[in-house]
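Take a look at the letters that make up each chain.
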Amino acid sequence: MQIADPLGVPGAPLETLQAVLTHLEGADLTGGRLILVRDRQGDRGDARYGAVLVAGDSAVVTVPAFGPHYGRAGAQALAELTRWASARGMPVRETAVNPADLVRVLAEPGADEIARVIAASNPSDPAIYTALPPQRPDEDDWEA
């Protein structure tokens with residue numbers, strides 16, 4: 001499997017989303033799938049996400065930059081990535097890894113590691129990721 005260097009900036013959801021969309025613009029995604037990789041089992045409310053987009057014999061990996069852990073922008077970028085993939089007929093799958101392994105798995109993806117992530121992934125409902133969480137009291141509500 002061909003694996004591109006990880007896309008994005010760790011902890012920068014909008015920049016990472018833009019890097020993915022730019023990289024895959026015009027790509028043939030027939031038969032592809034989006035695999036969301038998160039760092040918390042059973043706790044999506046503060047999870048960090050990265051993504052593996054698989055199409056044919058190649059995979060595009062992102063750094064951890066999506067999800068509620070990164071605030072409203074992280075949740076929004078996760079929702080937009082999921083909608084983008086769904087609009088292209090890509091099923092959404094998810095897998096959880098040990099929080100200590102998340103950065104290692106996504107920052108230096110090897111073919112064996114990505115194959116394990118793909119094998120461990122389970123089908124997931126895209127609506128889980130497209131519904132934005134409620135705004136946190138300390139988020140976007142700051143006054144000087």
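Keep in mind the model is a prediction, meaning the values are calculated, not measured.

1. Overview of the sheet that holds strand β5 (residues 92-96)
Here six strands make up an open sheet; going across it, the order is β1-β4-β3-β2-β5-β6 and the pairing mixed. A single partner strand is all that each edge strand has here, and the edge strands are β1 (2-3) and β6 (122-123). By the bridge criterion, four bridges tie strand β3 (residues 49-55) to strand β4 (residues 58-61) in an arrangement that is antiparallel. Residue pairing across strands places Leu53 opposite Val60, the latter belonging to β4. Its contacts with the sheet put helix α4 (residues 111-120) on β1, β2 (33-38), β3, β4, β5 and β6, and the angle it makes with β2 is roughly 95°.

2. Considering the pattern of salt bridges
Side-chain pairs of opposite charge can arise whenever the charged atoms involved come near each other. For the structure on display, the rule yields six salt bridges. A salt bridge links Arg104 to Asp101; the nearest nitrogen and oxygen atoms lie 3.6 Å apart. One end of the pair is Arg104 and the other is Asp101, both in helix α3 (residues 99-107) and three residues apart, which spans about a single turn. The partner of Glu113 in a salt bridge is Arg104, with the nearest N and O atoms 2.8 Å apart. The class for Glu113 is buried, based on a relative accessible area of 17%. On the accessibility criterion, Arg104 (40% relative accessible area) is partly exposed.

3. Things to note about the packing of helix α1 (residues 13-24) against helix α2 (residues 71-87)
As a packed pair, α1 and α2 sit with axes 8 Å apart at the nearest point and diverge in direction by 20°. The orientation of α1 relative to α2 falls into the category roughly parallel. Seen from above, α1 lies across α2 with left-handed handedness. Here Pro13, Leu14, Leu17, Val20, Leu21 and Leu24 of α1 come into contact with α2, specifically with Ala73, Gly74, Ala77, Glu80, Leu81 and Trp84. Here the residues of the contact of α1 with α2 are counted per class, giving 10 nonpolar, one polar and one charged.

The rules behind each value
Residues numbered from 1 in each chain as written. Predicted model: local features only at pLDDT ≥ 70, side-chain atom pairs only at ≥ 80, totals over all residues. Heavy atoms only, no water. Pairing = 2+ DSSP bridges. Helix = DSSP H or I, 4+ residues; strand = E, 2+ residues; numbered from the N terminus. Contact = heavy atoms within 4.5 Å. Axes fitted to C-alpha atoms, helices over the stretch in contact; angles between N-to-C directions. Salt bridge = Lys/Arg side-chain N within 4 Å of Asp/Glu carboxyl O. Buried < 20%, exposed > 50% of the residue type's maximum accessible area, 1.4 Å probe, protein only. Parallel < 35°, antiparallel > 145°, perpendicular 65-115°, else oblique. Left-handed = near helix turned anticlockwise from the far one by under 90°. Nonpolar A, V, L, I, M, F, W, Y, C, P; charged D, E, K, R; others polar.

Take it as geometry only, folks, not as evidence of what the structure does.
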